[in-house]
Structures are given as structure tokens and as C-alpha cells.
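Descriptive analysis of the structure
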Amino acid sequence: MTETLIFIVAGTLAATVPLLFAALGELVAEKSGMLNLGVEGMMATGAAAGFVAAVVTGSHTLGFLAGAVTACLLSCVYAILTTIFLANQVASGLAVGVLGLGVSAAIGKNYEGTTVDPLAELNLGPLSDIPVIGEALFEHDIMVYLAIVAAIIVWYVLQRTKLGLIIRAVGESPSSAHALGYPVTLVRGACVLFGGAMAGIGGAYLSTAYTPLWAEGMVAGRGWIVVALIVFGSWMVHRVALGAYLFGAVSLLELSIQGLGLDIPSQILSASPYIITIIVLAVISRNPALILLNSPVSLGQTFKASN
Amino acid sequence: MTAPKRRLLGALAAGTLALGLATSAIAEDKTKIGFIYPSPVGDVGWAYRLDEGRKAVEAHFGDKVETFAVENVPEGPDAARVMNQMAAQGADIIMIGSFGYMNDGLKLAAQKPDIDFMHASGYKTADNFSNFQTRNYESSYIAGMAAGDVSKSGVLGVVAAYPIPEVVGIINTFALGAQRTNPDITVKVVWLNSWFNPSKAQESARSLIAQDADVIFSLYQDTPSVVTAAEEEGVYVVNTSSDMKKYAPNHLLASMTTDWGPYFIDRVQKSMDGNYDGLAYWGGMADGAVGVVSLSPDLTKEDMAEIDSVIAEMKAGTFHPMTGPIVDQDGEEKLAAGESIDDDSMRGIDWLVKGVETRIPN
Amino acid sequence: MARYRLEARTERSAAAPFLVTGMAILLTLVAGSGLFLIYGKSPVAGFTAFFIEPLQSAYGIGEVLLKMGPLLLIAQGLAIGFRARIWNIGAEGQLILGAIAASVLAIYFDGSTSWLLLPAMVVAAMLAGMAWAGIAAWLRNSFNANEILVTFMLSSIALQLLYYLVTGPLRDPMGFNFPQSITFSPAATFPLLIEGTRVNVSLLLAFVATVLAWIYMQRSLPGYKLVVGGLAPQAALYAGFSDKRAVWVGLLIGGAAAGIAGVGEVAGPLGMLQRNISPGYGYAAIIVAFLGGLHPIGIVFSSALMALIYVGGDFARLSVGLPSAVTTIFQGLLLTFYLASALFLQYRLRRVDARPPVQAAAAEGAG
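Residues numbered from 1 in each chain as written. Chains lettered and ligands numbered in written order. Predicted model: local features only at pLDDT ≥ 70, side-chain atom pairs only at ≥ 80, totals over all residues. Heavy atoms only, no water.

Right, let's get into the interface of chain C and chain A. With 38 residues of chain C at the contact, the number on the chain A side is 40 residues. Contact between chain C and chain A buries roughly 3,400 Å² in total, counting both sides, with carbon and sulfur atoms accounting for 82%. Three residues stand out in chain C for area buried against chain A, namely Phe-143, Leu-149 and Met-153 of chain C, and they jointly supply 16% of the buried area on that side. Taken together, the links from chain C to chain A amount to 1 residue pair in polar contact (both at pLDDT 80 or more). Per element, the largest residue contribution to the side of chain C that touches chain A is 12 residues, and it comes from helix α6 (residues 147-167) of chain C. Residues that form the side of chain C that touches chain A fall into these classes: 27 nonpolar, 11 polar and no charged. (Contact = heavy atoms within 4.5 Å. Buried area = accessible area lost by both parts, 1.4 Å probe. Polar contact = N/O pair within 3.5 Å; in protein donor to acceptor, adjacent residues only side chain to side chain. Helix = DSSP H or I, 4+ residues; strand = E, 2+ residues; numbered from the N terminus. Nonpolar A, V, L, I, M, F, W, Y, C, P; charged D, E, K, R; others polar.)

Spelled out as C-alpha cells, the structure:
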């Protein structure tokens, strides 16, 4: 039983890394009013490019870099479509998502069946020697901890810095922000690119560390889960992070329950995060004060400066 | 252009050529054979083995045949189109490599009596529609024996695709083989309900390891993700389809292999001779269709001797792994002492033997 | 140096939609040529396989029509919602629910020879699709919950529901535990429309839907209200058009169309309920709806083009050896270029004389 508990805690920390990175990126983009539904495609592209780079260079760092850069390039397409060509955000996100799935399949094609060494565990000295807790919390690769650090940084920047204030202002009301002299298009574009890079890192973690191989379709809907997570977390960093960990835990629990011989249809567990998210969304949306506080009012709306 | 980039582009081009085909300048007398795979060929797994069979056909018949393959064709409405297009391009034989192609294949077979079909892992046949399976339950018995030999915890874990009879049968003999070398063995199963989900397969392996399993069985998974996870966790691993030694150099206990070559060659010859039939082929150790490779050096001499003797008995046809007394999970006797299961019952098997703790979901 | 500025069009030119779509297709062809060259294939051979080969045989044309049916049907339904700014991106889930509802009837009444069975399945599928989309409409109206997110999440739930049903209650008891239902009897499947192809009568439903959509959008008052509500919510409100009504209408029509597309698949080429019932028609139809300019007639063409790309992609795999990824990239490129080009539907580039900024600002102030 202890072993299973350790597996779920340790496994959750690792399983959540791709979700959390991508969710933090998408959160920042959405805070600026940009709903990019192409996360799945961006993660896939990051996974394929990251894996190929890691295989070719033998370096995980370059793998993450390649994943971030490639997915970021893809998000440029979205940024250009929505800010310069004033295209509909929903359609642009889908375009980028489809493009990303195709591009990732093309990039990774010849590397199917190869593998890389998984990312090394960080040596945390005496911490990892603590019984149970050490094994569950302190025997991980560096990205597990960097994901948490990234969440803290994103929270800090959004809530405590001028930059964060500008991003939120742009997301609340792009026309007011524009009137105040903020470069709305630039801010929104940058937030989208950040979202792309983070999705790319998340994808690269999946293919170079979590399941060290590339296979078409390996992102397996995580990009869509990320979109749901933002809503689940009602656009608050700590809730999004909590949601990501909860989601990771539930998906592992499903497997452990099978091994333990309990007879619950796995599909109920698989569907539960979405059901819960819809309920959360309904509850927070009903309360105008709550939704105004967190949800970017201009989400999904294109903005064109009046002159 | 930088070196890595050029390499990437070159590789892209080369890869598509490898699977592509040249339709130009085909001599009319060549037998054209189309192959359809449900997943990417890669270099491990189900589609890879089928493609090895395709290569064996090419090697055997040389200029007399022309083969072409399409990979990654999902089971669903699009599969029929690929088959039809192969037929339109003059295929004489079509190999359809997944269970889910069965009904579309049968429909086309009825429309095109001139084309002979080979179908992997189904249960329906027609005059020009034969199906093929392998008796992987034989090799899994051997893998089970090895697992029983090395397991210290007495718990084995299986990461399985769907609870179809073929998979159920393999789990049964895996458990029986392990109980032969260690009577106290229990087996836990995680059903993935997917042939292909590398992350989830890998998570399942780790969840089984956390539940004390010290030998993991990657059953019909199209990627090596379970094997690499086991190597990382330092537990033994057994897999199906092809040799995965390179993914787990230290902890691969055994790889169960499948060789479609002899069967494909026989079928193609029959089709050429004009006496194709709706054979339901079920090849085993005796036919050279299944085997066990890369047995771990950690197995003792005595272990190996016993394994070798069982393999010899299977090849000679004197030993069936499903021979009584066998009781099911509920303790009900399914086979009396000395009684072996018949092929029809094995094809439709829907119960698990005692010692397997997980139930078949329904 | 000349400067250009975007300027809103005051009136729509009739030719603009064609020019825009033409431009998107042209750009896709150019980018596609580059893609073929990367793969070491001649663009001519590639495009022949993609766009000509499928149309050279009755079977190929049939396959294009087969693909076109669900895309056309769903896109017509979605476009009505989209024009009212109701973003239903969960047609995939509504399709699945429609397929499930129809399958329940087909399985329960297996062996029946009544001609009523098939129409009953269509109605059941339509209602199920509407019910699934209706959840999103209800949540939007009563809870203000964003329908983009709700419809999308309902799709994920629908998929799990389908997996549960085909591995359990609706599984063929004689099917060796494989996750699929029994094969539907003839009374529960659409008759073929063209012999020798797989095109069935459900394609007619898509064309009926097209005519209805055209009448509704272009010729009826409710349709006009819906569009006005989408373009100018304040004005619509002022004129007494209900925003809530638009949400209901937009989502229910989309759900009904997607549900019918679902029965078209299970009672059409599939003939059974299984795990893979749609290769993403619900998502592809969103692309189709946009490519067609959200116009009932435009969607007829865009659904045909999209279907051709799907089928052509399969042809190209076999005859040229291009991987399936190319099909996906093509679809992505087409939508991307269309969205970029579509800017010129609402704006035009106007040349602004090169003047120092200060002077320009002064001139603007004066004007």
C-alpha cells in the first residue's frame, strides 16, 4: 500500500510536468485575452522537435530548447493571424492545432522506434534518503521542480509586477489599455509566444523524459486537458497548478485501482475531470464578481486599434 | 543549411521512400501484394513484424512479386478506402493487418473474388479471405516459466491491450508457466483498452511495480515504453512481437517473437497457384511462427534446461500449455487432469486461471 | 516610401469571398509544392494524386462524397451558430451522442424489418445531438458558462461514454470481447445511393440541410435576427431580439446536424458502433464552416474541397508515397491562409502618402 501511495505521489509529480508547463503558458496567453486552442498541436510539435534534437545532439537541454523554439514558431502563426490579420481566435487556434499535429508527425516520422536516455534524477543528497517521503518527493528529474518554480514565477509576474498588471489590463479591456498607451498587440503577441514556448517544453518533457520516445499521437489529448485546466483553475495560477496535479493523480489512480482489483469502469475516472471542470465553470461563471475578478473579459475577442 | 537540419530533411525523404512504392513500369505477370498496417512500422511492434513478413515474401519470390504497404491506417471508415484503392491499383493479394479491418475486408472480398485476402487476428473467413493468428500462448508459457524463475516477490504484472480471447489466453499460459516454476505466483493485469498509448502503458508498468510486481509483461504494446520503464525501474520485463534487448539491455527477461514470413510465403504461393482457400491459420512453435529470444543470462542452467525441454515438447507437439488440472479465478475446474483445451475453446476463451488477480472487465 | 493602412470596407463586394478563397487555395498550393519538394516528390505528381486521381474513378468520387456528407451537414449546423457568435466546438461529441442513440435503437430492434427503424434512428440521433449541445446552451444561459469550453469538454465526456458503452452494455456478446457492437441489420442501415460506391442516402440529408440552412439564413426573419444578434448584440437587444434565444437556437441547430451526421456514420459505412466512429469530423467541420465563409453555399464548396483533401491524401500515400502527415498539414495550411486572406473581406489596404509622422498626425487632426 505504501508503495502504491509513493507511486501515485511520485508519479503525479512527473505526470503533471507536461500539463503544468503548457497550462502556465496558456494561462498567460488567456490572461492577455488570447484563447489559443492549438495547445495540442503545439505540444505535439514540441514533443517531436524536442525528441529529434535530443536524439541527434544527445543533450536534453537542447531537446527542451528545440521543443520550445519550434512550438513558439508555431504559436507565431496564431499570433500573426489574430493580431495582424484580425482573424477569429477559435478558428486560428484550431488552424494552429491541426498544423502542429501534421508538422509533428512529419518531424518525428523517422525517429519512431528510437529512444533516448530519460532525464537523470536530481541528486538531492540526504533529502532523498528520508523514508517514504524521500522516494515520493525527492527522487525526480529537474523539470519536476522547475515546473513548480515556473508556476511561482508566473504567479509573481502576473500578480505582483507592472508587466503582470499590463497583461491583465490588456486582457480586461484592450481598448482601455490601448487608450492608456500600452502596446496591446505587442503584449498579446508576446503572451502567445510565451504560451507556445511553454507548451513546447511540456511536449518535449513528454517525449524526452516522461516516455522517452516519439510516437504520433503521443500527446493523447493533453493539450485539450490544458485548455480545460485553465477554466478549472478559474484563471488563477495556484488553482490551475492544483488542478494539474489533481488531474495527474486521477489518471494514475485509474491504473492503480485496476491493479488493486477494484471494479470501477475506467471511463468514469477518465471522464471525471471534465465533468468536474464543467461544474466548476458553471459555479464560477454564475457569480459575476468572481468571474470578473479572474476571467479575462476580452478572452477570445480580436482587437484592432482604432487608428 | 546547418548539418543537423540537412540530416533531418534527408531523413524525411529517405523514410517516405522506404515505404513508398513505384507504380510505374510494372510487368503484368507480377503478383501484386498490398499490406495495410494499423500503426507506424517503426522498428518494433506489431506492424514491424508484419512488415518483416512482407520483406520475407519479397526475398523469397524476388521479381515475381511486387509489394506495397500503407502504414498507420486507423480501424474505421477510412480503412475500406485504402483496401479499395489497392484493389483498384491491381493488387492480387491484400494483407489487412488488424482485427478492426475484418468487416470491410470481407465486404471487399465478396465484391472482388479475384483478390485474395489475408487477415490478421480475426475470426471470420471466406473462400478468398483467410485469417491468421499465432499461438503466442505457447511462447508466453515459456516467458512465464522464466518469470517464475526470477521473481522474488511472487507477483507478476501484465500491461495488456484489450480483453479479447487472444490476450486472455496469453495471460493464462503466462500465469501457468510461472506457476510451474514457482507455484505461489500471482498475476496482476492493467487493461489499457488500446494497442497504442505509450505514456499510459509506461504509467501502468510503474503502477504494477509499485504493487510489488517484479516482472512486467508488455503484452501487445506497439511501443517499447513499458520495456524502457522496466529497465529504468530495475525490474525484469517480457515483451511480445520482436526482440527488445536494445531497450532493456540489463533487464530484458525474454522477448516473444512472431514470424509471419513462412505463412505469407505459403499463402502467396497458393494464390499464385490458384488454389487459395479460407484457411484459419494458427501457427505455433512447431511451425516456426512463434519463438522466444533474448532469454536473460540471469536464468540458471537448470532453469534453461527446463525451458529448453518444454520448447522441444511444444515443437514436437507433445505438450499443450493449457493442460489440466486447471481451475479458473473462482476455483471452478475448467480442465480435468490430463485434459488439454481444444482449439475452438482456446479461440474463444473468456476466463482467467487461478492466480490471476484481476478480472476481465465487462 | 509608401505606407499602407487597413481601412474597414463600407460595403461588401460580391467578388470578395471568391477572391479570398482563391487566394487561400493558391497560397496553399504554393506552400504545398514546397512540402512535396521537401519529401523529394514532384509537386505535379503530388497534386495529381491529391486532387485529380480521386476524381478519375466512380469509386473515388464516391469516396469524396462519402466524406463530404458529414462535413457538409455538421458545418451547415455550426455556421448558423457561428454567425450568431455562438462557438460550438463540440460537434464531435454531439456526433458521438447521435451515433450512440441511433445504435441503441439498431441494437435493440435488431432483426426488425420495419421501414420505420431508420427514420426513428435519425430522429433519435438528432435529439441526442441536440440534448448534448443543449447542456451547453443551458449552462451558458443559466450560469453564463462559456460555451466554447463547455462544448469542448462535453466532447471528451462523450468519447468516454462511447468507450464505456462499446466495452460494456452495447458490445456484441458474440464478438469475443472486442469493443464493438453487433453489425446492424439492413433495416437499420442507409441504402446505397450509387451502386459500386459507399455513398448512401444520408448524403441527401446533408443537401436537405443545406437548403434549409440557406432558407433560414438568407430568407427568414429568425435567421436575420440571429445574425444581427451576432454582429451587433447591443443593437439586437435594443430591437428586442433575445440573446438567450440565439444561444439556444445556435447550439441546438449545430447539435441536431452533428447528431444526424453520427447516425450517417454508424448506419452508413461503419454499419456498427465502435470506438473509432469519426476521424474528427466534428473538428474538421469547424474548418469547413470557416473556409465556406459561414455561408450555406460556400460551405458546399469548402466541404467538397476538404473531403477531396482527405481522400486525395489517402491516394497520395499509396501512389506517391507521401505520409499521412501531409494531409493534416494541408488542412492546417488551408485554414491558416484562409483566415489570413479573410481580413480583406472586411478591410482593404489603403495607400497612405509618405509624410513625416508629425505632419500626418496634424493632417489627420485637421481632417
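A separate point is the confidence of the model for chain B. Taken over all residues, the pLDDT of chain B has a mean of 87, while the share at 70 or more is 92%. Here residues 1-27 of chain B is a poorly scored stretch, pLDDT under 50, and it has 34 contacts once near neighbours within four places are set aside; other chains count. (pLDDT = per-residue confidence, 0-100.)

Right, let's talk about the sheet that holds strand β12 (residues 290-293) of chain B for a bit. All names here are of chain B. The strand order across the open sheet formed by 6 strands is β7-β6-β8-β9-β10-β12, and the pairing between neighbours is mixed. With partners counted over all chains shown, the strands left at the sheet margins are β7 (186-191) and β12, one partner each. Sheet twist, expressed as the average angle between the axes of neighbouring strands with direction ignored, equals 15°. Contacts from helix α5 (residues 136-150) reach β6 (155-160), β8 (215-218), β9 (236-239), β10 (252-258) and β12, with the element oriented near 175° to β10. (Pairing = 2+ DSSP bridges. Axes fitted to C-alpha atoms, helices over the stretch in contact; angles between N-to-C directions.)

Another aspect to go through is the domain arrangement of chain C. All names here are of chain C. Parsing chain C into structural domains produces domain 1 (6-39 + 323-353) and domain 2 (58-318). Computed over C-alpha atoms only, the centres of domain 1 and domain 2 are separated by 27 Å. The interface of domain 1 with domain 2 comprises 10 residues on the first partner and 10 residues on the second. With both sides pooled, the region where domain 1 packs onto domain 2 buries about 990 Å², and carbon together with sulfur makes up 77% of that total. If you look at where domain 1 meets domain 2, you find 0 salt bridges. Summed over the shared surface of domain 1 and domain 2, the result is 1 residue pair in polar contact (both at pLDDT 80 or more). Going through the elements one at a time, α1 (16-38) and α13 (325-341) are the ones with two or more residues in the side of domain 1 that touches domain 2. With 6 residues, the top contributor of residues to the side of domain 1 that touches domain 2 is α13. (Domains from an automatic or database assignment. Salt bridge = Lys/Arg side-chain N within 4 Å of Asp/Glu carboxyl O.)

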